[in-house]
Amino acid sequence: MSDTRTRQVEAGVSMTMLVARRVKQQLEGEEMEQAVGKLKKVMEGYVREEETFKEGGKVLMEMRRRLGKVSGGDWPDVEEEYRQLVKSKKGNMVVVEKHGWWKELEEALHVSEMVDNSQVESGDDELEMTQVELNTVCPISRKEMVKPVKNILCGHVYDKHSIEALLKQNPICRCPVVGCPSKRAVVRSNLQEDKETKRAIAMKRSK
């Protein structure tokens, strides 16, 4: 897999994560289940492609090792050797569910589901409860947020000014929330205005 294809796969994984969150936020019932199923199939394809690439690299390394031991007049049938090695590697089953990308997708869907549950309730009593449950303090500055933005990869919310200041200091930093399972760097394109937290802040100020 070339560097270009590697970047394409990584971009595809990021896009799958983004679409997964939007699906969980905007769809429900059978329609949501079908969309989630399709997203998992897409992610499975990316996982298998990456694992196939890794196995191919191992085969080439083994071929190089074997050929390094061959004396000048004893060259084997290289093509046949390669086929045999590939065949032997096919026994190594890919466990998609243990791959980091798959786990990250499931974590993203789980976080979105919890956020959705807080949005399902309606009415004054439910709004008050949602406001109490939402944390309106920025995990970076430890101050009340002014412009809350949500990291769509992990679901954590920060004040826009604080996270942008952090990104200026370290452009490849991960989510600053302690214990966050996401291993991906925070990027501005994955930060979206969090209207739910913004409403909670406004409610607190109006009292």
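For the structure itself, look to the data block above.
Definitions and limits used
Residues numbered from 1 in each chain as written. Predicted model: local features only at pLDDT ≥ 70, side-chain atom pairs only at ≥ 80, totals over all residues. Heavy atoms only, no water. Helix = DSSP H or I, 4+ residues; strand = E, 2+ residues; numbered from the N terminus. Buried < 20%, exposed > 50% of the residue type's maximum accessible area, 1.4 Å probe, protein only. Contact = heavy atoms within 4.5 Å. Areas by Shrake-Rupley, 256 points an atom, 1.4 Å probe, with all protein chains shown as cover. Expected span 1.5 Å × (residues − 1). Arc of directions from axis to C-beta. Polar contact = N/O pair within 3.5 Å; in protein donor to acceptor, adjacent residues only side chain to side chain. Pairing = 2+ DSSP bridges. Axes fitted to C-alpha atoms, helices over the stretch in contact; angles between N-to-C directions. Salt bridge = Lys/Arg side-chain N within 4 Å of Asp/Glu carboxyl O.

Caption draft 1: Fine view of the overall build of the protein chain. Across its full length, the protein chain carries seven helices and three strands. Counting only residues that meet the buried cut, the protein chain has 33% of its 207 residues in that class. Counted over contacts in the protein chain with a minimum sequence separation of 6, partners at least 24 positions apart contribute 61%. For the protein chain, the exposed area adds up to about 13600 Å²; of that, 52% sits on carbon and sulfur atoms.

Caption draft 2: View of helix 7 (residues 195–206). Given a rise of 1.5 Å per residue, 12 residues ought to cover 16 Å, and the 16 Å separating the end C-alpha atoms of helix 7 matches this to within 8%. Listing the buried residues of helix 7 in full gives Glu196, Thr197, Ala200 and Ile201. Viewed end-on, helix 7 has its buried residues packed into an arc of 140°, placing them on one side of the element. Along helix 7, exposed side chains directed more than 90 degrees from the buried face belong to Lys195, Arg205 and Ser206. Looking at where helix 7 begins, the residue whose side-chain oxygen comes 3.4 Å from the main-chain nitrogen of Glu196 is Asp194.

Caption draft 3: Inspection of the pairing of strand 1 (residues 148–151) at higher detail. Of the two faces of strand 1, the one lined by Pro148 and Lys150 and the one lined by Val149 and Asn151 are each fully buried. Taken together, the three bridges between strand 1 and strand 2 (residues 157–159) define a ladder with antiparallel strand orientation. Of the residues in strand 2, the one forming a bridge with Val149 is Tyr158. Where strand 1 hands over to strand 2, the hairpin turn is made up of five residues, of which Gly155 adopts a positive phi near 90°. Inspection of the sheet shows strand 1 paired to strand 3 (residues 191–193) by three bridges, in the antiparallel sense. Considered in strand 3, the bridge of Val149 is made with Glu193.

Caption draft 4: The sheet that holds strand 3, seen in detail. The three strands are arranged 2-1-3 in an open sheet whose pairing can be described as antiparallel. Looking at the sheet topology across the chains shown, the edges are occupied by strand 2 and strand 3. Averaged over all neighbouring strand pairs, the angle between strand axes comes to 40°, with direction disregarded. This element, helix 7, spans strand 1, strand 2 and strand 3 of the sheet and lies at about 150° to strand 1.

Caption draft 5: Seen up close, the side chain of Thr136. The residue Thr136 is located in the loop between helix 5 (124–133) and strand 1 in this model. With a relative accessible area of 2%, Thr136 lands in the buried category. A polar contact of 3.1 Å, which involves the side chain of Thr136, links it to the side chain of Glu144. Those residues within four positions of Thr136 in sequence are excluded, and the remaining contacts are Lys143, Glu144, Met145, Thr197, Ala200, Ile201 and Lys204.

Caption draft 6: Representation of the pattern of salt bridges. Within this structure, the stated rule accounts for five salt bridges. Between Glu44 and Arg48 there is a salt bridge, and its shortest N-O distance comes to 3.0 Å. You can see Glu44 and its partner Arg48 sitting in helix 2 (residues 29–68), four residues apart, about one turn around the helix. Residue class for Glu44 comes out partly exposed when judged on its relative accessible area of 26%. A salt bridge links Lys198 to Glu193, with the nearest nitrogen and oxygen atoms 2.9 Å apart. For Lys198, a relative accessible area of 42% corresponds to the partly exposed category. Residue Glu193 is classed as partly exposed on the basis of its relative accessible area of 45%.

Note that all results are geometric; they support no functional claim without further evidence.
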